[in-house]
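Listed here are the chains, written in short residue letters.
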Amino acid sequence: MTEGPRERHELLKAEYGGLYSDVSRLLREADPIGLIAMGAPHDEYEPEVSTLLPRLHEANAAGDVQRIIHEEFVRWFDADIAGPISGYADVSERIWRVWLQSKVRG
């Protein structure tokens, strides 16, 4: 049986624990495409977190995280809505830091 989006979401939350919450919070605070500011629910970016987190293993630097986040937002929202990659620089730095901390904690 294939898992649905809700099941996948719950599995990833269990697998990544606090990192899932941290990345979700950082994306919500950064609100890179302004959905939270327009009144979207606070969990609006959780589908993107679910596809972003497994890809963080590809990252060797904050710039890689920036590329990954931008690619995921383009995939989810289209290039016009996602905007330029430069709009993801600050949140990428913050996510890179929490990613490194999570690897140290093991």
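This report concerns the structure included in the present document. Computed from a predicted model, the values in this text were never measured in an experiment. (Residues numbered from 1 in each chain as written. Predicted model: local features only at pLDDT ≥ 70, side-chain atom pairs only at ≥ 80, totals over all residues. Heavy atoms only, no water.)

**Structural notes on the packing of aromatic side chains**
Moving on, step 1. Evaluation of the coordinates by the stated rule reveals three aromatic pairs.
Moving on, step 2. Between Tyr45 and Phe73, the aromatic rings sit 5.5 Å apart at their centres with planes inclined by 45°, giving tilted as the arrangement. Of the two residues, Tyr45 sits in the loop between α2 (18-30) and α3 (46-52) while Phe73 sits in helix α4 (residues 62-77), which places them 28 residues apart along the sequence. The pair Tyr45 / Phe73 is uniform in exposure class, with both members buried.
Moving on, step 3. When the centroid spacing of 5.4 Å and the interplanar angle of 55° are considered together, the rings of Phe73 and Tyr88 count as tilted. Residue Phe73 is located in helix α4, and its partner Tyr88 is located in the loop between α5 (79-82) and α6 (89-105); the two are separated by 15 residues in the primary sequence. Each of the two residues, Phe73 as well as Tyr88, counts as buried.
Moving on, step 4. Members of the aromatic cluster, connected to one another through ring pairs, are Tyr45, Phe73, Phe77 and Tyr88. (Phe/Tyr/Trp six-rings, centres within 6.5 Å; stacked < 30°, edge-to-face > 60°. Helix = DSSP H or I, 4+ residues; strand = E, 2+ residues; numbered from the N terminus. Buried < 20%, exposed > 50% of the residue type's maximum accessible area, 1.4 Å probe, protein only.)

**Some details on α6**
Moving on, step 1. In this model, α6 (17 residues) spans 25 Å end to end at C-alpha, consistent with the 24 Å of a helix rising 1.5 Å per residue.
Moving on, step 2. All of the buried residues along α6 are Val91, Ser92, Ile95, Trp96, Val98, Trp99 and Ser102.
Moving on, step 3. Structurally, α6 contributes buried residues whose contacts are with α2, α3 and α4. (Expected span 1.5 Å × (residues − 1). Contact = heavy atoms within 4.5 Å.)

**Side note on the pattern of salt bridges**
Moving on, step 1. For the structure shown, the criterion picks out seven salt bridges.
Moving on, step 2. The salt bridge partner of Glu58 is Arg55, with a shortest N-O separation of 3.1 Å.
Moving on, step 3. Three or more residues are tied together by salt bridges with common partners; here these are Arg55, Glu58, Arg67, Glu71, Glu72 and Arg75. (Salt bridge = Lys/Arg side-chain N within 4 Å of Asp/Glu carboxyl O.)

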